[in-house]
Amino acid sequence: MRWIKAAGRCLLVVGVVLTGCVSSNGHHGDDDEGRGPLTLATAGDLTGYLGSVLEGWNRTHPRERVTLVELPDSADETHAQMVTDLRGGDNSRFDVLNIDVNWTSEFAAAGWIRPLPRNRFPLTSFLPPVVDTATYEGRLYAVPYVTNAGLLLYRKDILDKEGLPPPKTWAELEHDAKTVAPKYGLDGYAGQFLPYEGLTVNAAEAVYSAGGTILGGEGDRVTVNSAAAREGIEFLARGVREGWIPKAALTYKEEESKQAFQDGRLLFLRNWPYAYAVASAAGSPVAGKIGAVRLPGPDGQGTSVLGGSDLAVNAHARHPDSAARLIAYLTSKPVQRLVLTRGALPPVRAALYEDPDLVQRFPYLPTLRASVLTAAPRPKSPRYGQVSLVVQAVVHDAMTGAETTEDAVRRLARELAAISRR
Ligand code: GLC
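Numbers given to residues run from 1 along each chain, matching the order in which its sequence is written. Restriction of local features to residues with pLDDT of at least 70 applies here, the model being predicted, together with a cutoff of 80 or more for giving and counting side-chain atom pairs; totals for whole chains, interfaces and linings are based on all residues. Values shown for side chains rest on all heavy atoms present in the structure; no hydrogens or waters enter the calculation.

## Topic: the overall build of the protein
Item 1. The helix and strand tally for the protein stands at 17 helices and 13 strands.
Item 2. A compact globule built from 422 residues should have a C-alpha radius of gyration of about 22 Å, and the protein, at 21 Å, falls within 12% of that.
Item 3. Its C-alpha atoms put the protein at 65 × 50 × 40 Å along the principal axes.
Item 4. In the protein, which comprises 422 residues, the proportion classed as buried is 57%.
Item 5. Residue contacts are defined here by distance: any two heavy atoms, one from each residue, within 4.5 Å place the two residues in contact. Long-range pairs, those at least 24 residues apart, make up 74% of the contacts in the protein with a sequence separation of at least 6.
Item 6. Carbon and sulfur atoms provide 52% of the accessible area of the protein, an area that totals close to 16,900 Å².
Item 7. Across the protein, the 46 positively charged side chains and the 47 negatively charged ones have centroids separated by 2 Å. Starting at the N terminus, helices and strands are each numbered in turn, a helix being any DSSP run of H or I of at least four residues and a strand any DSSP run of E of at least two. All radius of gyration figures rest on C-alpha atoms, and the globule criterion is 2.2 Å times the number of residues raised to 0.38. With a 1.4 Å probe rolled over the protein chains alone, any residue whose accessible area is under 20% of its type maximum counts as buried; one over 50% counts as exposed, and the rest are partly exposed. In short, Shrake-Rupley with a 1.4 Å probe defines the accessible areas, and a residue's cover is counted only from the protein chains shown. Residues scored as charged are limited to Lys and Arg (positive) and Asp and Glu (negative), so that His and the chain ends carry no count. Lys charges are placed at NZ, Arg charges at CZ, Asp charges at CG and Glu charges at CD.

Rendered as structure tokens:
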């Protein structure tokens, strides 16, 4: 498994692919059946598996070859590049787009992606919550490809030495992060706390775990000004203030936080399951020393936000039939198995979570399945992008101490209300 992609490979690949796209633009050899070559745009492939999956398609579909366009790792940068491309209409270069689950409404409402026939895809074989992320106003606009739920990764070797179980509540987590981590020269806890989509996810999980919400209705009601939301944000702010969340974590996205844990610098980490798989792989300094459990909350089980991505077809795709066929291939059972075994990503096919061979190889699958089935969506809003930017900025200010949690939550409510009035 090629877990770690060499730094800079992404840029190189994107550079090569984009040059190729520009020069071949308009020369796709259109045919009557809507079949021909394609491009597939995706956020950074952190485990470097997708090329080999697409080779499988290219070998058997020489006239419908797909070229991978790998965009940056950060969800926000990928969003910006996709939006810029889609706004190009006929000149856009991306035929199939691997979009974050919370972009479907925005892309569909803007008319950038086309509705898809439900009967062409095995929707009933997917985990139920993932299908919702692909629909907008009752129509299917994308097909679920990968799902995701946050897990708490922990150093099992250290907790075992201390005779402690993995934390089930925030109080237990805080206690161990404060008292056990320093004994072993480790930092306590981290998540993805740089201001970007990842921080919106971490903040929403903290608020939901405390029983709060951010927006209600169709995104038109602001519900964040509550004691529960304050408790959630204060959990994160207190961590930095008291030092059991290291200041460095305020700059972490998925990869940086995974690296800190994998290098043996953290007792606890909130991350997506890929981080558990990568940190457990041969060669990782913490291989065999870690465990993963569901996220804790104030009084017990916390709530994860639902992550993942769906495959959508550009409204201006040159070969829509090939695009739909490629999506059917990528969501087929054999490829979904590779998504897990090679990509270390959670597949959307429900049956794989109960496959005894896979459960033995990926012992966190039952925990992950339960987390996905109970995961909560991010706040729904036709202006989701703006909502997320405000959440990130305000929560970051609370975490750096630039603002008290009380003031931050009040400001968040004000700024969210302004967005819904616009
Ligand atoms: C992961 C999730 C995605 C989320 C992103 C945030 O890629 O699958 O849904 O938006 O992380 O950083």
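Moving on from the coordinates now.
## Remarks on the packing of helix H2 (residues 50-60) against helix H12 (residues 320-330)
Item 1. Note on geometry: axes are C-alpha line fits, over the in-contact stretch for helices, and angles between N-to-C directions span 0 to 180 degrees. At their nearest, the axes of H2 and H12 sit 11 Å apart, and the two run at 125° to each other. On the basis of their axis angle, the class for H2 and H12 is oblique. The way H2 lies across H12 gives a crossing that is right-handed. For the pair H2 and H12, the contacting residues are Val 53, Leu 54, Gly 56 and Trp 57 in the first and Ser 322, Arg 325, Leu 326, Tyr 329 and Leu 330 in the second.
Item 2. For the contact of H2 with H12, the class distribution of residues is six nonpolar, two polar and one charged. When describing relative orientation, an angle under 35 degrees is termed roughly parallel and one over 145 degrees roughly antiparallel, while 65 to 115 degrees is termed roughly perpendicular and anything else oblique. The hand of a helix crossing depends on one turn: near helix anticlockwise from the far one by less than a right angle means left-handed, and clockwise means right-handed. Classification used: nonpolar for Ala, Val, Leu, Ile, Met, Phe, Trp, Tyr, Cys and Pro, charged for Asp, Glu, Lys and Arg, polar for all others including Gly.

## Describing the side chain of Gln 336
Item 1. Counting through the fold element by element, Gln 336 comes out in helix H13 (residues 333-341).
Item 2. At 3.1 Å, the side chain of Gln 336 forms a polar contact with the backbone oxygen of Tyr 145.
Item 3. Setting aside its immediate chain neighbours within four residues, Gln 336 contacts Tyr 145, Leu 330, Thr 331, Pro 347, Val 348, Arg 349 and Leu 352. Whenever two N or O atoms come within 3.5 Å, that pair is a polar contact, provided that in protein one can donate a hydrogen and the other can accept it, and provided that, for residues adjacent in sequence, both atoms are side-chain atoms.

## Thoughts on the pairing of strand S1 (residues 38-42)
Item 1. In terms of burial, S1 is a largely internal element, five of the five residues being buried.
Item 2. Residues of S1 alternate between two faces, with Leu 38, Leu 40 and Thr 42 on one and Thr 39 and Ala 41 on the opposite face, all of them buried.
Item 3. Strand pairing is defined by DSSP finding a minimum of two bridges between the two strands. In the sheet, S1 pairs with strand S2 (residues 66-70) via five bridges, with the strands oriented parallel. By the bridge assignment for S2, Leu 38 is matched with Val 66.
Item 4. Where the polypeptide runs from S1 across H2 and back to S2, its parallel neighbour, the crossover connection is right-handed.
Item 5. As paired elements, S1 and strand S3 (residues 96-100) share two bridges and run parallel to each other. Bridging across to S3, Leu 40 finds its partner in Val 96. Viewed with both strands pointing away, a crossover whose connecting path from the first strand over the helix to the second turns clockwise is right-handed.

## Structural notes on the environment of Asp 321
Item 1. Following the sequence through the fold, Asp 321 ends up in helix H12.
Item 2. Its relative accessible area of 17% is what places Asp 321 among the buried residues.

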